[in-house]
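# Commentary on secondary and tertiary structure
Residues per chain are reported as follows:
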Amino acid sequence: MEVNPGTFMRVLKAKSQGRVVFLVILVVIGILITVPASARYSSPEGSNAGVNPGDTVFNGERGLNFSTFQTTPPLEAPLWLACDGGSSGALAMQTLDAEAVLSGRLNVLSTYLDRPFKLYNGSWGNSICIVSEPDGGIEIRTGTALGTDVNPATTDTKTPAVIPLNMNVQFKIDSTNLNNGNFVNPWYEYSLKTASGLKLSRVTNMDGDSVSLMDLMEDPTRNNNTLAFSIGDQNLNPEEGSYVMEFTAYNGQNSFYTADYDFDVVRYTLAASASPSTVQMGDSTTLTIRGRPYTYYTISIEDEMEGKPELPSSGNYDIYVDKYNATVHPDWSGTVRVQLNIPEIGGDYSRTTRNFYPKIYETNNPDTYTTAWIMVEPGTSQDIELYDLPLSADQYYCLGDTIPVEGTLAAPASGDMYVYFYITGYNLDSNGVKPSSPSTAVIDGDNSTFDSVKISAGQQEFSFDWDTGKTGLSSGTYTIFATTEPVGYESRGLSEEEVKDYLFVDLNDASINVKFPEEAPGFFAQGDHIVSLWSARGSPNESSYTGTIRYYIIGKNFKYTGYTQFPLLKVDSDSTDAEQLSELAEKNDFPGYSGLNLPRSFSDNMSEGSFYVIYQHPMNNQVFDVLPEEGNSYSGTITTIVTTSGKTIDFSSLQSDSALAAIEEAFDSPYIDDTMVKQKFVIERARVNVDPVIDYEVGEAVPITGTTNLECSLDYPYNQIDLSGDSMTLAVYEADMYYSGKTQSTYRVYSGSTHPGRNTVDQDSRSFSFEIPADISAQMKPGDYVGVIKCEEIKFEKPFLFTLHEEGYDKEQVSASQNVGEGLSARPQSTTAKVTTVATSYYTRSPTTRITEEPTTKASGFGPLFYVMSLSFTACALLYSKRR
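This write-up is about the structure you can find in this document. All chains use their own residue numbering, which begins from 1 and follows the written sequence. Only residues with pLDDT of at least 70 get local features here, since the model is predicted, and only at 80 or more are side-chain atom pairs given and counted; chain-wide, interface and lining totals rely on the full set of residues. Hydrogens are left out, water is left out, and the side-chain values use all remaining heavy atoms of the structure.

### Some remarks on the overall build of the protein
Going along the chain from the N terminus, every DSSP run of H or I of four or more residues is numbered as a helix, and every run of E of two or more is numbered as a strand. Counting its regular elements, the protein contains nine helices and 60 strands. Under the scheme applied here, a residue whose accessible area is under 20% of the maximum for its type counts as buried, over 50% as exposed, and between as partly exposed, the area being computed with a 1.4 Å probe on protein chains only. By the burial criterion, 48% of the 884 residues in the protein qualify as buried. Across the protein, the fraction of contacts at a sequence separation of at least 24, relative to all contacts at a separation of at least 6, is 69%. Two residues qualify as a contact provided that any one of their heavy atoms is within 4.5 Å of a heavy atom in the partner residue.

### Quick look at unusual backbone geometry
Each neighbour pair has its own omega, and for Thr72 with Pro73 the value is -5 degrees, a cis peptide bond. For Pro73, the location among the structural elements is in the loop between strand E3 (56-58) and strand E4 (79-84). Here the amide bond leading from Ala77 into Pro78 is cis, since omega sits at -5 degrees, within 30 degrees of zero. Position of Pro78 relative to the elements: it lies in the loop between E3 and E4. For Asn557, which is not a glycine, the phi torsion comes out positive at approximately 55 degrees. Structurally, Asn557 can be placed in the loop between strand E41 (546-555) and strand E42 (558-567).

### Side note on the packing of aromatic side chains
Centres within 6.5 Å make a pair out of two Phe, Tyr or Trp rings, where for Trp the six-membered ring is used; the pair is then stacked when the planes are under 30 degrees apart, edge-to-face when over 60, and tilted otherwise. Using the criterion set out here, one finds 40 aromatic pairs in the structure. Aromatic side chains Tyr422 and Phe481 sit 5.1 Å apart centroid to centroid with 15 degrees between the ring planes, which places their arrangement in the stacked category. With Tyr422 in strand E31 (residues 417-425) and Phe481 in strand E36 (residues 476-483), this residue pair connects regions lying 59 residues apart in the sequence. Two limits define a charge over a ring: the Lys NZ or Arg CZ must be within 6 Å of the ring centre, and within 35 degrees of the ring normal. Between the NZ or CZ atom of Lys359 and the centre of the ring of Tyr369, over which it lies, the distance is 4.6 Å. When the ring centre of Tyr396 is taken as origin, the NZ or CZ atom of Arg537, which lies over that ring, is 4.4 Å away.

### Points about helix H5 (residues 656-667)
The span expected for a helix works out to 1.5 Å for each residue beyond the first. Over its 12 residues, H5 runs 17 Å from end to end, which matches the ideal 16 Å to within 8%, given 1.5 Å per residue. Taken residue by residue, H5 has Ser656, Ala659, Leu660, Ala662, Ile663, Ala666 and Phe667 as its buried positions. All buried residues of H5 fall inside an arc of 160 degrees around its axis, so they share one side. Relevant arc is that of directions from the helix axis to the C-beta atoms, nothing else.

### A few points about the nonpolar core
Taken as a class, soluble globular proteins show a tendency for nonpolar side chains to be buried jointly. The nonpolar core is taken to be a set of buried Ala, Val, Leu, Ile, Met, Phe, Trp, Tyr and Cys residues, with the residues joined through side-chain atoms within 4.5 Å. Grouped together as the largest cluster of nonpolar side chains are 37 residues, with contacts concentrated most on Trp534, Ile553, Met606, Tyr615 and Phe681. If you tally residues by element for this core, the top one is strand E40 (residues 530-537), at five residues. Aside from chain neighbours lying at most four places away, what touches Met606 is Gln526, Ile530, Ile553, Phe558, Phe611, Phe681 and Ile683. With 36 residues, the next largest nonpolar core counts Phe183, Leu192, Leu200 and Phe263 among its residues.

### A few points about the sheet that holds strand E38 (residues 511-515)
Taken in spatial order, the three strands make up an open sheet running E38-E40-E43, and their pairing is antiparallel. Strands at the two margins of the open sheet, each flanked by one partner only, are E38 and strand E43 (593-598). Averaged over all pairs of adjacent strands, the angle between their axes in this sheet comes to 25 degrees, without regard to strand direction. For two strands to be treated as a pair, DSSP must find at least two bridges joining them. Fitted lines through C-alpha atoms give the axes, limited to the stretch in contact for helices. The angle between two N-to-C directions lies from 0 to 180 degrees.

### Thoughts on the sheet that holds strand E51 (residues 702-708)
Within the open sheet, the three strands sit side by side as E50-E51-E56. Their pairing is antiparallel. Two strands lie at the open edges of the sheet, namely strand E50 (688-690) and strand E56 (766-772), each paired on one side alone. The average undirected angle you get between the axes of adjacent strands in this sheet is 25 degrees. Note that E51 and E56 share seven bridges and pair antiparallel. Of the residues in E56, the one forming a bridge with Thr705 is Ser769.

### Observations regarding the pairing of strand E25 (residues 359-362)
Relative to E25, strand E20 (residues 297-300) runs antiparallel, the two being bridged by four bridges. Of the residues in E25, the one forming a bridge with Ser300 is Lys359. Two strands pair when backbone bridges link them, and E25 and strand E26 (residues 365-371) are joined in this way by four bridges, in the antiparallel orientation. If you follow Glu362 over to E26, its bridge partner there is Asn365. Counted along the chain from E25 to the antiparallel partner E26, the turn is two residues long.

### Comments concerning the pattern of salt bridges
Any Lys or Arg side-chain nitrogen found within 4 Å of a carboxyl oxygen on Asp or Glu counts as a salt bridge. With the rule as written, the count across this model stands at 19 salt bridges. When the shortest N-O distance is used, the salt bridge between Glu61 and Arg40 registers 2.7 Å. Of this pair, Glu61 sits in the loop between E3 and E4 while Arg40 sits in the loop between helix H2 (17-34) and strand E1 (41-43), placing them 21 residues apart in sequence. Measuring nitrogen to oxygen at the nearest pair gives 3.8 Å for the salt bridge that ties Glu797 to Lys790.

### Regarding the side chain of Thr285
Within the fold, Thr285 resides in strand E19 (residues 284-290). We define a polar contact as two N or O atoms separated by no more than 3.5 Å, with the added condition that, inside protein, one atom must be a possible hydrogen donor and the other a possible acceptor, whereas residues neighbouring each other in sequence contribute only through side-chain atom pairs. A distance of 3.1 Å separates a polar atom in the side chain of Thr285 from the backbone oxygen of Ser275. Excluding residues within four positions of it along the chain, Thr285 makes contact with Ala274, Ser275, Pro276, Val279, Val338, Gln339, Leu340 and Ile374.

### Things to note about the pairing of strand E30 (residues 402-409)
Of all eight residues in E30, seven are buried; the element is thus mostly enclosed. Looking at chain direction, strand E28 (residues 384-386) and E30 are connected through three bridges and run antiparallel. From the neighbouring strand, Leu386 faces E30, where its bridge partner is Gly407. Bridge count for E30 against strand E35 (residues 461-467) is seven bridges, and the pairing is antiparallel. Residue pairing in the sheet places Val405 in a bridge with Phe464 of E35.

Okay, here's the thing in C-alpha cells:
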C-alpha cells in the first residue's frame, strides 16, 4: 500500500487538528492490517529475496531486494531503509545499494521492531514494510513419516516432557509470524545440549546422514525430515537423562533471539499391569500398557478357563478384532489404558479363585511381549444381601422411626460405587419410589429418583438409615430393595440365589402409651414430684436421638402447658455418650421410653383436687399441630391454644371439664394428625397416720408404724426417672421436755429415719415403720412420750403421743383405755379419699382406641375413727392427772 504525502497535506488544510490525528491513526492501522496480504517474490538475489510493500522481514536476513519500494522518479543513492521518526528524522537506517538491495544483514534495534520502514535518501519513499523477529517456542514432531506406527492425534501435546531414546523426532518452531517461509540466506540455527553437558551442532539424521544444525534458512515452522533424528543414533554416553534444545536467530543487538526446550530422554520397555489386580465376577479392571509412544501393541487374551477377561466393544482401540483381541497405542505419556470386564458365570468355576494372564505384544514385533496378572475371586460385588432387621419378637417400627437398613456385597467393591434403594407398597408406583420421598417415582437410570450410599474401593458392608418421618406414608407393610444399578422393580431380574436384596418392613402408626407408676397410681402429695411414664413410638419431633412430647395440665383455676425432651433409644442414664447412642441406634428400635417428672415446687403451688394431664404426640408429620398461642417453645400458664389449620380456642374462662373438652375438640379435626392421651390425677395434702402405740413397757422394742401419702422411691431407668422418695425422720422426746420446748439432741430419747414403702395399687396409702430398739427403751422411764415425724423435703411435721409402761404392766386390763396418740401437725391431716388411676394410650381417630380409665374412689378406712378416739382418751388422761 502506498501513502501520498500530498493527500495528507490537503487533509491537514481542510480539517481540524483533532480529526487529522484521528485520520492519521486510521491510515496507519489500515497499512498494518493490509501488510500480511503481500508476499515476497523471486529476484536475482534469491527465490524469495524480492520484498513487496506490506511484507514482514526479519532481523538477520540478507540479500533482500526493496526495488519495488522506489518512487517515480526513483530516489537516488545513497539509499537507506529507515524508520520514519517524524521530527526525529530517519532512525535505524539500513544501508541499501543503488538498486535498493540490502548489502548486509538486517540489523534493527529492538526499540524499532514492528514499526513501519520506508526508503530514504533525505527524502522519503511511500511504500512500507515491517521489520520483526520470530515469536513462539520449540515443539516436537513425530509420526508415520518419521517411523512410528500411528500419527499423534491433533489433541495430543506437541511439547512432551519425555522423548523415547529410539524415536525419530524433529524440533521445529510453532511461530505464527514467519511469512510462510519466504527466506533467503541462512538466518537461524539449533544446538543440542546432551545429558553430559556436551553441545552438538551436528547430528546423524533418520536417514543416517550427518547434517549441520547451523546456518539454516528453511522455514523452521515446516516439516523437515532432513532435520529429524533420534537420540539413540548419536552414540552418546549417557544416552538417558536431561537434554536441552536451543533455537537461535540473529537480532539487532548483535546477540541472538533464543528459545529453549528442556526434555528427558528414556529408554522405553514394554510393561503391563491391571488395577485392581483382584476383582470379582461382574466387575471390571483397568489394563495399563507402558511402551513406546505411537507404537502398535496388541492385547491378546489367550487363557483357557471360563470367565476370562473381556474387552468391551467400544474403547480407545486402533483395531478391535473381538472381545479377546485388540490393538492400541500409547500417546506421548508412553501409556495406554484399556478396560477389561469380568463376566459372571455359573458352575464350579464361579466358586473358585482363578488367575488370568492377558498377553500384550508389539504388533510389528511379536517377540517383544509381556503379560498382566488378574485374579478373579468367587462372588461378585454386584450381588447384595440385606441383613434382617435388629428387632426382637416384641418390637416393631412406627412411622417416624429411623430404620437401619444394613447389608453386604458378595465381595469387596473393586472401586468406588453406589448402592441404590427404593421401596414398593400399597398405593405406590409399580416401579418403586424413593424411600425418603415416596411421591418421587423411580425412573430407571435417573439416580436422583433413588436414595443411595457410596461404597469405597475395598468396602463390602454398607448401611442406609431410612427416616420414615415426614414421608407421608400411611401405616402398612413396605418392601425396601437394594441394587447396584439405578433400576426399579419392573426391571429387577429374577434371582437364583437364596440371599435377599430386599426387606419387609411393617410400619405402624405413631403412638404414645402412658401410665402412672404402680407405686404412685394417680395421687401425689403437695410438694412431691408429679410422675407419669410413657412410651412414645414413632420418634416424635425427632432431632438426632432426642424426641419431644408436649403436655397440658388442666384443673380448677389451673391451666398449664410444657414440653419434655427425652432420649428415643433405650437408655437408662444421662451419661450415655454419642458412640453408645450410635451403637444403640444400630441394634434397637426407638420406643421413646420416658416420662413426666415435675419438680416439687410445681405440686406445692397446686391446690387440692383433681387434675387432667394431656400428652400430645406430633405423629407422622413430626409437627405439633396444636400449640399455645405463645409458640411451640413456650412453657407456662396458658389461656389460648391455636392450630396449624388456623383455629383459635380461648378457654381462659372455662372450668376444667369444659377446658378439657375444648382441647379435645382442637385435636378432633381432619386437618390435625396429632394424637393425645389423657390421665386424671389427684393432688392431696401431705398426710401421715400413725398406728396406735399401746401396751409396750420399758425394755421392749417399740414399733412405730403407719401409713402416708408421701412419695416413695421410684426407679424406672428406661423412663429416665430415679427418685429416692421422701425422707421421714422420727424423733422421740419425754412429753414434759417436749412441751417445755426442750427438743435439742441432748433431750432426744431416740431418732431414726425411713422412706415410705412401695405399696401396690390396691392399698390406700404407703406404709412406713420405725422401731425403738429394746436396749434404748430399757433406758427410758415409764411415762408419756411425744414422737415427731418430719419430712423436710416438703416442710411437713407430725407429732403424736404415746405411753411407755413400767415392767410387768398388765396389758390386758388397760388395753381398752390406752391413749392411741394425738395429732399435733401444723398442717391438718386430710380426710379426702385417695384416688388411683391406671392410664393406657388412646388415639384420637384410631379403631384400636382404648380410653384412659378414670380414677376410682376408695373408702378412707378406720384412720379418722382412731384419730378421734385418740384425742378423747388423751383429754381424759390429762384431767385425771390434774385432779390427783
